[in-house]
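Structural overview for review
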Amino acid sequence: MTSDHPINTTGSRQRQTRFAALQKWVSRAFARDLSCLIVPGQDVALAHGLNVSATGMRVSASPRDANVLLIVGGLSEKMGEVATVLYAQMPRPRTILMLGGKTPSSFPDADVSAGLSQKALADAVGRLKRALAEGAFATSAEDFDASVLHVKIEYVCPMHPEVVQNEPGSCPKCGMDLVAREAGEQTPEGGHDHEHHHDHEHQSQDHDHDHDHDHSNEHSNEHSNEHQQEHAHENAATEYTCPMHPEIVRDEPGSCPKCGMDLVVREDGEDEAHSEHEHSSHDHGEHDHSGHEHGGHDHGGHDHGGHDHGASGFMSMIEVTKDLPRSADGLQMDWLEVPFGPVFPGLPGGLKLTLTLDGDGVTEGQATSLVGVTNEGENIEESEEMDAETFIGYLSAAIPLAPVSYRLLVCLAIEQAAGLEGDSANAGARTGALERERIASHLGWLAQLGRQLGFAWLTQRAATLQLQVREANRDSLAALEPALRTLGTRLERTPLLKSRLKGIGLLPTESSDLRGPVARAADEGGDAWARLRQRLAEISASLGLIKSGGEPALPVLRDVGDVSGTGEATVDTPRGEARLSLKLERGHVKSYKLDTACSQHIGLVPKLVEGQELGDALLAVGSLDLSPWEVTS
């Protein structure tokens, strides 16, 4: 079909021009307001000396409020999967900024990559802003997809977790319906009815015994009544009724117009049987109506305990909750297993805390690391052997929250394996570097505590001081001493802080192999408040050691040549003693074994959180100052 009139494209071109101008304006505004989610966490960024806020980016606690995924350092495989899920949750347009590592294989290429320094970060953010301003809404953007985003569902028996199938069905051992779960999840022992071998078990059994005794006659009558109904209505037409409103009857499935519940199958005559059942067994259960006249009495509002109520499918709350575990307050509720982390404000990045919640109380808890360093107990393959210098770099990089401590630990162990005596010439410099890191680490913990408590002033002040201390020389540290003492005094004189931490995270009496501030605070009360005061005292003590020692300097390995031998060393890191033993063959590390404070302290978590309110449980875990990087695997 043709037209005698030419097509007017002027209006279309004008609209496209206006739309392009609007897109450009929005892109520039978008580039000026960057919000980043930091993976593994803000604590790792600060430990690397990165001041993200100084670049003009806001730090977000949620992927749904971020347009930049800032990855700091290399990620383990498990943390890479976590980061992939977080990236998928971010609204578009979204970007990836990679610092000092390789982008995980499940990701698209990073939009901008840079080194691990403040200068490199500032330059990278500038490049990212320019790229976003020019093409934030590019039409070529593709959908993001990764295998980790596709959840595989499997079906397991609540009572026999070894029974796992790919399709719904029933357990061949006990006949229970299989329940769905994500592949790879762990099923709690005994299912999620959570008998848990606690006192809940015998309490629940006592309750069931009383319940069965009170209603024994009632169930006998029901059985006889239902048996008669079953034969009287075999050929009745199918109707549908509301479990809560039996007066609602329909010829086909649907929902109740009064309450919205799904209608259930009802047989003819159910109302008569239901009414007869109410009158015959009304004196059973919790209500005694022996003196009532039943002629005009309305029974519609009574709760009849465990009555079956015919074929309506309705169950009372007593029947629904009778097999659930009892809470400390005597209520019976379903328990929920809730994960916190490994990217969660107030907890160390890379730490996954799984709590079983009974309302807002915690019944069980477990902490695991997704970034822990490997502890080699056997000989290293020849292809994986590392010379002494390479091994020092490997271990110190693997523990970003205390790299100086572990660098010194390896140097001491290798030097002992080589038969070298103590390095008196560099002892002061090594001690100064170790104590400087201790101060910075404790300040990082204070910043984390501020995030957990919502004390913005504490987070900001502690983080600022941490960045200043991290590479300060002896004179600069002396100049910072008044500010550090002022912060400590303010914290000890803050009544709200003391009342919030006092009595939280009390250590179990049977706790063993405690180290560092956790062990030293055990003699002063052993709670979160005692651990705070201990770390403040250690900051002051470290300042004194630095003033009386040499200029802090990064530990350097002395020349050991191609020696062979075994050596071991111990260093008091900011979180407690770490021990390393290793075997050298011709200057190469053949095997090693690492024992850290955090590998011991992470085992305290289950006892610290059990029976606590959720907020107190999180504070208790945070007060341990766990470094997931120092949990050996």
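Rules used in this analysis
- Residues numbered from 1 in each chain as written.
- Predicted model: local features only at pLDDT ≥ 70, side-chain atom pairs only at ≥ 80, totals over all residues.
- Heavy atoms only, no water.
- Helix = DSSP H or I, 4+ residues; strand = E, 2+ residues; numbered from the N terminus.
- Contact = heavy atoms within 4.5 Å.
- Areas by Shrake-Rupley, 256 points an atom, 1.4 Å probe, with all protein chains shown as cover.
- Salt bridge = Lys/Arg side-chain N within 4 Å of Asp/Glu carboxyl O.
- Buried < 20%, exposed > 50% of the residue type's maximum accessible area, 1.4 Å probe, protein only.
- pLDDT = per-residue confidence, 0-100.
- Axes fitted to C-alpha atoms, helices over the stretch in contact; angles between N-to-C directions.
- Left-handed = near helix turned anticlockwise from the far one by under 90°.
- Nonpolar A, V, L, I, M, F, W, Y, C, P; charged D, E, K, R; others polar.
- Expected span 1.5 Å × (residues − 1).
- Arc of directions from axis to C-beta.
- Pairing = 2+ DSSP bridges.
- 1 Å grid on protein atoms, 1.4 Å probe; cavity = no way out; pocket = protein on both sides within 12 Å on 5 of 7 lines; lining within 4 Å.
- Points joined across faces, edges and corners; volume = space filled by probe spheres on them.
- Parallel < 35°, antiparallel > 145°, perpendicular 65-115°, else oblique.
- Polar contact = N/O pair within 3.5 Å; in protein donor to acceptor, adjacent residues only side chain to side chain.
- Core = buried A, V, L, I, M, F, W, Y, C linked by side-chain atoms within 4.5 Å.
- Phe/Tyr/Trp six-rings, centres within 6.5 Å; stacked < 30°, edge-to-face > 60°.
- Lys NZ or Arg CZ within 6 Å of the ring centre and 35° of its normal.

**Remarks on the overall build of the chain**
Counting its regular elements, the chain contains 19 helices and 18 strands. Once local pairs closer than 6 in sequence are excluded, the contacts in the chain between residues at least 24 apart make up 65%. Approximately 32,600 Å² of the chain is accessible, and the part contributed by carbon and sulfur atoms is 48%.

**Some points on the environment of Leu501**
Relative to the elements of secondary structure, Leu501 occurs in helix α14 (residues 495–501). For Leu501 and Ala528, which are 27 residues apart along the polypeptide, the C-alpha to C-alpha distance reads 5.3 Å. Once residues within four sequence positions are removed from consideration, Leu501 is found in contact with Leu449, Asp527, Ala528, Trp529, Leu532 and Leu619.

**Considering the pattern of salt bridges**
Per the stated rule, a full pass over the model turns up 21 salt bridges. Residue Arg558 is joined to Glu415 by a salt bridge in which the shortest nitrogen-to-oxygen separation is 3.2 Å. In this pair, Arg558 sits in the loop between α16 (528–548) and β16 (565–573) while Glu415 sits in helix α10 (residues 403–417), placing the two residues 143 residues apart along the sequence. The exposure class assigned to Arg558 is partly exposed, which follows from its relative accessible area of 24%. For Glu415, a relative accessible area of 3% translates into the label buried. One salt-bridge network, held together by shared partners, links Glu435, Arg438, Arg520, Glu538 and Asp572.

**Some thoughts on the confidence of the model for the chain**
Summing up the model confidence of the chain, the mean pLDDT is 81 and the portion of residues at 70 or higher is 74%. Segment residues 269–318: pLDDT under 50, and 63 contacts once partners within four positions in sequence are set aside and those in other chains are kept.

**Observations concerning the packing of helix α11 (residues 427–453) against helix α13 (residues 474–492)**
Viewed as axis vectors pointing N to C, α11 and α13 meet at an angle of 35°, and their least axial separation amounts to 13 Å. Judged by the sense of rotation from one axis to the other, the crossing of α11 with α13 is left-handed. Across from Arg436, Ile439, Leu443 and Leu446 in α11, the residues of α13 making contact are Leu477, Leu484, Leu487 and Leu491. For the contact of α11 with α13, a count of residues per class yields seven nonpolar, no polar and one charged.

**Here's the deal with helix α3 (residues 77–89)**
The terminal C-alpha atoms of α3, which comprises 13 residues, lie 19 Å apart, in line with the 18 Å expected from a rise of 1.5 Å per residue. If you check which residues of α3 are buried, you get Met79, Gly80, Ala83, Thr84, Leu86 and Tyr87. Looking down the long axis of α3, one finds its buried residues gathered within 165° of arc, a one-sided arrangement. Facing away from the buried side of α3, by more than 90 degrees, are the exposed residues Glu77 and Lys78. Those residues of α3 that are buried lie in contact with β1 (35–39), β3 (68–72) and β4 (95–99).

**Structural notes on the sheet that holds strand β15 (residues 386–387)**
The four strands are arranged β15-β18-β17-β16 in an open sheet whose pairing can be described as antiparallel. Pairing within the sheet leaves two strands with one partner each, and these edge strands are β15 and β16. Note: strand β17 (residues 576–585) against strand β18 (residues 588–595), seven bridges, orientation antiparallel. Looking at β18, one finds that Lys583 is bridged to Ser591. Its contacts with the sheet place α10 against β16, β17 and β18, and it is angled at close to 150° to β16.

**Details of the environment of Met176**
Here Met176 shows up in the loop between β7 (164–165) and β8 (179–182). When the C-alpha atoms of Met176 and Met159 are compared, they prove to be 8.1 Å apart, with 17 residues separating the residues in sequence.

**Describing the layout of surface pockets**
Roughly 700 Å³ of internal volume is contained in the second largest pocket. Lining the second largest pocket are 32 residues, and of these Ala47, Pro400, Leu401, Pro403 and Glu437 sit closest to its centre. Those elements that place two or more of their residues in the lining of the second largest pocket are α2 (42–47), α9 (388–398), α10 and α11. Of the residues forming the lining of the second largest pocket, the biggest block, 10 residues, is contributed by α11. In terms of residue class, the lining of the second largest pocket is built from 15 nonpolar, nine polar and eight charged.

**So, the sheet that holds strand β14 (residues 361–369)**
Spatial ordering of the open sheet is given by β12-β13-β14, a layout of three strands whose pairing is antiparallel. Taken across any chain shown, the strands that pair with only one partner, and hence form the sheet edges, are β12 (336–340) and β14. Shown here is a sheet whose adjacent strand axes are inclined to one another by a mean of 20°, direction ignored. Pairing geometry for strand β13 (residues 351–358) and β14, over eight bridges, is antiparallel.

**Some thoughts on the packing of α9 against α10**
In helix packing, the relevant descriptors are the interaxial angle and the interaxial distance, both defined with respect to the helix axes. Between α9 and α10, the least distance of the axes is 8 Å, while the angle of their chain directions is 150°. When the axis of α9 is compared with that of α10, the two are roughly antiparallel. As for how α9 packs across α10, the hand of that crossing is right-handed. Here α9 contributes Ala388, Phe391, Ile392, Leu395 and Ser396 to the contact with α10, which in turn contributes Pro403, Arg407, Val410, Cys411 and Ile414. Residue composition of the contact of α9 with α10, grouped by class: eight nonpolar, one polar and one charged.

**Quick notes on the side chain of Thr241**
Note that Thr241 resides in strand β9 (residues 239–241). A distance of 2.8 Å separates the side chain of Thr241 from the backbone oxygen of Ile248, its partner in a polar contact.

**Section: the nonpolar core**
Note that soluble globular proteins tend to have their nonpolar side chains buried in a common cluster. Of all hydrophobic cores here, the largest spans 74 residues; its most connected members are Met57, Leu70, Leu97, Phe391, Ile414, Leu580 and Leu582. If near-sequence neighbours (up to four positions away) are discounted, Phe391 is found in contact with Met386, Val410, Leu580, Leu582, Val589 and Tyr592. Leu351, Phe455, Leu480 and Ala620 belong to the second largest nonpolar core, which has 56 residues in total.

**A look at empty space enclosed by the protein**
Enumeration over the complete set of coordinates arrives at three cavities of 30 Å³ or more. Empty space within the largest cavity amounts to approximately 150 Å³. Looking at the largest cavity, it is lined by 19 residues, and the ones nearest its centre are Gly41, Gln42, Val343, Phe344 and Pro345. Of all the secondary-structure elements, those providing two or more residues to the lining of the largest cavity are β1, α2 and α11.

**Digging into the pairing of β16**
Two strands pair when backbone bridges link them, and β16 and β17 are joined in this way by nine bridges, in the antiparallel orientation. Bridging from a neighbouring strand, Thr566 pairs with Lys583 of β17. Hairpin connection of β16 to β17: two residues between the antiparallel strands.

**Some words on α11**
Taking 1.5 Å of rise per residue, 27 residues should cover 39 Å, and α11 covers 39 Å from first to last C-alpha, within 8% of that figure. Extensive coverage of α11 is indicated by the burial of 23 of its 27 residues.

**Here's the deal with the packing of aromatic side chains**
Working definition: an aromatic ring pair is given by the centre-to-centre distance plus the angle between the planes. A complete count under the given rule lists five aromatic pairs for this structure. Ring centres of Phe340 and Phe344 lie 5.4 Å apart, and the angle between their planes is 80°; on these two criteria the pair is classed as edge-to-face. Members of the aromatic cluster, each reached through a chain of ring pairs, are Phe391, Tyr394 and Tyr592. Taking NZ or CZ as reference, Arg94 lies 4.7 Å from the ring centre of Tyr87, over its face.

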